[in-house]
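If you want the building blocks of each chain, they are given just below.
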Amino acid sequence: MYKILTILIRTSIAIPVMFITGLITFFGFEVPFWYSSFLAISVAGLSYWIGSVYFHFRFLKKNQLTSKEYRYIRRNLIEAKHKIRRIKKAFFSIRNFNLLKEMTTLLRTTNKIYRVTKNEPKRFYQAEQFYFSHLDSVVELIEKYVLLYSQPTKRNETEKILHVTQHTLIDMKAKIDQDLYHMLSNDIEQLQFEVDYVKHTQKTKERLDNNE
């Protein structure tokens, strides 16, 4: 949402700048039309680029990140997005209802972690366990599960592996739920503090009203 908003703002600045520059150079300085148009487009492009740089550094400042840190996080987010797509692809091949239900919740949580990190990149450091361990494990497990499940004939040994893999995936879902909780722990504590404060304020007010 923030990215779309900044694009709209930059565009709303660049377009008027282009027209004003074109009008001034063409009518005010009697510059040839083609050269006037070139200047107008160039100035508009420059203003759009300056806006991009401004909003980029404003975003970094807001999230208390350096350019190097942000590049590092973005690179990991791109890799994570690819892994989540692999999970989604494998998800549609699951035929076990109980596992399908658990994986639906896991996917929802995984997407939530990814979206929160994308909007607030600094939170990446609170979810490193997810990005560097748990997500990789889920991708590997679910793809192997789907591969084994798709075999036309299954031996007892294969059935056992499928059963163990299914339970391991459910365990991974619990770990990823914990990853999200850890990621939002500061917000949860802050919210709890505010709730307790409001309750305390209400009780104090009620006590004073009763004393009157």
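Attention here is on the structure that accompanies the text. A quick note: this is a predicted structure, and the numbers were derived from the prediction, not measured. (Residues numbered from 1 in each chain as written. Predicted model: local features only at pLDDT ≥ 70, side-chain atom pairs only at ≥ 80, totals over all residues. Heavy atoms only, no water.)

1. Focus on the packing of helix α4 (residues 97-119) against helix α6 (residues 156-183)
Packing of α4 against α6 leaves a shortest axis separation of 9 Å and a crossing angle of 30°. What the angle tells us is that α4 and α6 run roughly parallel. For the crossing formed where α4 meets α6, the hand is left-handed. Contacts between α4 and α6 involve Asn98, Leu99, Glu102, Met103, Thr105, Leu106, Thr109, Thr110, Lys112, Ile113, Val116 and Thr117 from the former and Gln166, Leu169, Ile170, Met172, Lys173, Ile176, Asp177, Asp179, Leu180 and Met183 from the latter. Taken together, the residues of the contact of α4 with α6 sort by class into eleven nonpolar, six polar and five charged. (Axes fitted to C-alpha atoms, helices over the stretch in contact; angles between N-to-C directions. Helix = DSSP H or I, 4+ residues; strand = E, 2+ residues; numbered from the N terminus. Parallel < 35°, antiparallel > 145°, perpendicular 65-115°, else oblique. Left-handed = near helix turned anticlockwise from the far one by under 90°. Contact = heavy atoms within 4.5 Å. Nonpolar A, V, L, I, M, F, W, Y, C, P; charged D, E, K, R; others polar.)

2. Notes on the packing of aromatic side chains
Tallying each qualifying case throughout the model produces ten aromatic pairs. With a centroid separation of 5.2 Å and 70° between ring planes, the pair formed by tyrosine 54 and phenylalanine 55 is classed as edge-to-face. In this structure phenylalanine 55 comes out as buried when scored by relative accessible area, which is 11%. Cluster of aromatic residues (ring-pair linked, three or more members): Tyr72, Phe124, Tyr125, Phe130, Tyr131 and Phe132. (Phe/Tyr/Trp six-rings, centres within 6.5 Å; stacked < 30°, edge-to-face > 60°. Buried < 20%, exposed > 50% of the residue type's maximum accessible area, 1.4 Å probe, protein only.)

3. Comments concerning the packing of helix α3 (residues 67-91) against helix α5 (residues 128-149)
Between α3 and α5, the shortest axis-to-axis distance is 9 Å and the interhelical angle comes to 25°. Classified by the angle their axes make, α3 and α5 are roughly parallel. Both α3 and α5 take part in a crossing whose hand is left-handed. For the pair α3 and α5, the contacting residues are Tyr72, Asn76, Leu77, Ala80, Lys83, Ile84, Arg86, Ile87, Ala90 and Phe91 in the first and Tyr131, Phe132, Leu135, Asp136, Val138, Val139, Ile142, Glu143 and Val146 in the second. Along the lines of polarity and charge, the residues of the contact of α3 with α5 split into 14 nonpolar, one polar and four charged.

4. A look at the pattern of salt bridges
Under the criterion given, the structure shown has six salt bridges. Note that glutamate 102 is salt-bridged to lysine 173, the shortest N-O span being 3.7 Å. Of this pair, glutamate 102 sits in helix α4 while lysine 173 sits in helix α6, and the two are 71 residues apart along the sequence. For glutamate 102, a relative accessible area of 22% translates into the label partly exposed. Among the salt bridges present, the one from lysine 144 reaches glutamate 140, with a minimum N-O distance of 3.1 Å. Highlighted residues: lysine 144 and glutamate 140, both in helix α5, separated by four residues, approximately one helical turn. (Salt bridge = Lys/Arg side-chain N within 4 Å of Asp/Glu carboxyl O.)

5. Here's the deal with the side chain of serine 36
The residue serine 36 is located in helix α2 (residues 33-62) in this model. Side-chain polar atoms of serine 36 contact the side chain of threonine 25, separated by 2.6 Å. Beyond its immediate sequence surroundings of up to four residues, serine 36 is in contact with Gly22, Thr25, Phe26 and Val31. (Polar contact = N/O pair within 3.5 Å; in protein donor to acceptor, adjacent residues only side chain to side chain.)

6. Considerations on the side chain of threonine 165
Along the chain, threonine 165 falls in helix α6. When sequence neighbours within four positions are dropped, the list of residues in contact with threonine 165 reads Leu141 and Tyr145.

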